Amino acid sequence: MSSRPTLPPPPPPVEIRTWPDREAMLADRAFILGALVRMHLGPARLGVLVMWAGLAAFGWLLVGSGLVMFEQASADFFSGIAGLLTLVLGVGALIPAVILVSLHLARDREIRALLVEWGALDRDPERDRELRLPGMSLVWLLLSFVLAAGGLALCVIGPASARPGDDTYGMVALIMGLGMVAWLTGLIGAVKALAHRRWVLRVLAAPAPLHAPAHR
């Protein structure tokens, strides 16, 4: 399994910068910003987030199924055993998914900080145009909206449509849990898309800073 790409370091302090001229600095800036933008909002990142969300949904599906089996255990001993095994398997899938998503969010914070630092070095309208990614941002935002709306609908409709005597507490918990996974995944995706848009407006579209000489 391949490791994640290593994050580049922040730009060096002014007093130790060794770029021979401004063009060399702009070239390095464009290269690093391009890599950071792909790490933050590229199609691969969308696929990874959906994959981890799918793992979390699968884990909660097993957990919810285990709860339903436990509710039937009073009438069937084997349902209790099957429910326990299903519950353990579900937790085994759910915990790694939660850890991986947490690492994903922590890495995103590091990437956004580097984007701000490297973007603040200077302005390069021609190269910066390639970093805006309006189409990719829109894809993230639309998919996130669909996931969040669908998840919220499950969280509301699940308990509201439950009928006493027909639908068990375990089934309601199962539906609400799946809805919560979808809602949180959509929320994460929407935050990423909006954060990228805010970075474009506040950093790339802002007036050029009064930069010090690029070399000593």
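Residues numbered from 1 in each chain as written. Predicted model: local features only at pLDDT ≥ 70, side-chain atom pairs only at ≥ 80, totals over all residues. Heavy atoms only, no water.

A. Examining the packing of helix H1 (residues 22-41) against helix H6 (residues 169-204) more closely. It is at 11 Å that the axes of H1 and H6 come closest, and there the two elements cross at 160°. Classified by the angle their axes make, H1 and H6 are roughly antiparallel. Of the residues in H6, those in contact with Arg 29, Leu 33, Val 37, His 40 and Leu 41 of H1 are Lys 192, Ala 193, His 196, Trp 199 and Leu 204. A class-by-class count of the residues in the contact of H1 with H6 yields six nonpolar, two polar and two charged. (Axes fitted to C-alpha atoms, helices over the stretch in contact; angles between N-to-C directions. Helix = DSSP H or I, 4+ residues; strand = E, 2+ residues; numbered from the N terminus. Parallel < 35°, antiparallel > 145°, perpendicular 65-115°, else oblique. Contact = heavy atoms within 4.5 Å. Nonpolar A, V, L, I, M, F, W, Y, C, P; charged D, E, K, R; others polar.)

B. Fine view of the nonpolar core. Residues Leu 36, Leu 115, Trp 118 and Trp 199 are the most contacted members of the largest nonpolar core, which totals 19 residues. Looking at this core, the elements that each hand over two or more residues are H1, helix H3 (77-119) and H6. Per element, the largest residue contribution to this core is seven residues, and it comes from H1. Membership of the second largest hydrophobic core comes to nine residues, among which are Leu 49, Trp 52, Trp 140 and Ala 193. (Core = buried A, V, L, I, M, F, W, Y, C linked by side-chain atoms within 4.5 Å. Buried < 20%, exposed > 50% of the residue type's maximum accessible area, 1.4 Å probe, protein only.)

C. Representation of the side chain of Arg 45. Here Arg 45 shows up in helix H2 (residues 43-71). Setting aside residues no more than four positions away along its own chain, Arg 45 makes contact with Arg 38, Met 39, His 40, His 104, Arg 107, Asp 108 and Trp 140.

D. Spatial organisation of H2. Under the 1.5 Å per step criterion, the end-to-end length of H2 is 42 Å for 29 residues, consistent within 8% with the ideal 42 Å. Within the sequence span of H2, burial applies to Arg 45, Leu 46, Leu 49, Trp 52, Ala 53, Ala 56, Gly 59, Leu 62, Val 63, Gly 64, Gly 66 and Val 68. (Expected span 1.5 Å × (residues − 1).)

E. Examining the layout of surface pockets more closely. The calculated volume of the second largest pocket comes to roughly 250 Å³. Elements with a minimum of two residues in the lining of the second largest pocket: H2, H3 and H6. Taken together, the residues of the lining of the second largest pocket break down into 12 nonpolar, three polar and no charged. (1 Å grid on protein atoms, 1.4 Å probe; cavity = no way out; pocket = protein on both sides within 12 Å on 5 of 7 lines; lining within 4 Å. Points joined across faces, edges and corners; volume = space filled by probe spheres on them.)

F. Seen up close, a nonpolar patch on the surface. Nonpolar side chains collect at one region of the surface, where Leu 152, Val 156, Ile 157, Met 180, Trp 183, Leu 184, Leu 187 and Val 191 lie side by side and expose about 690 Å² of accessible area between them. At the level of elements, helix H5 (134-160) and H6 are the ones that each hand at least two residues to the nonpolar patch. Residue contributions to the nonpolar patch peak at five residues, all from H6. Locating Leu 187 in the fold gives a position in helix H6. (Patch = residues over 30% accessible without salt bridge, like charges linked within 9 Å, V, L, I, M, F, W, Y side chains within 5 Å. Areas by Shrake-Rupley, 256 points an atom, 1.4 Å probe, with all protein chains shown as cover. Salt bridge = Lys/Arg side-chain N within 4 Å of Asp/Glu carboxyl O.)

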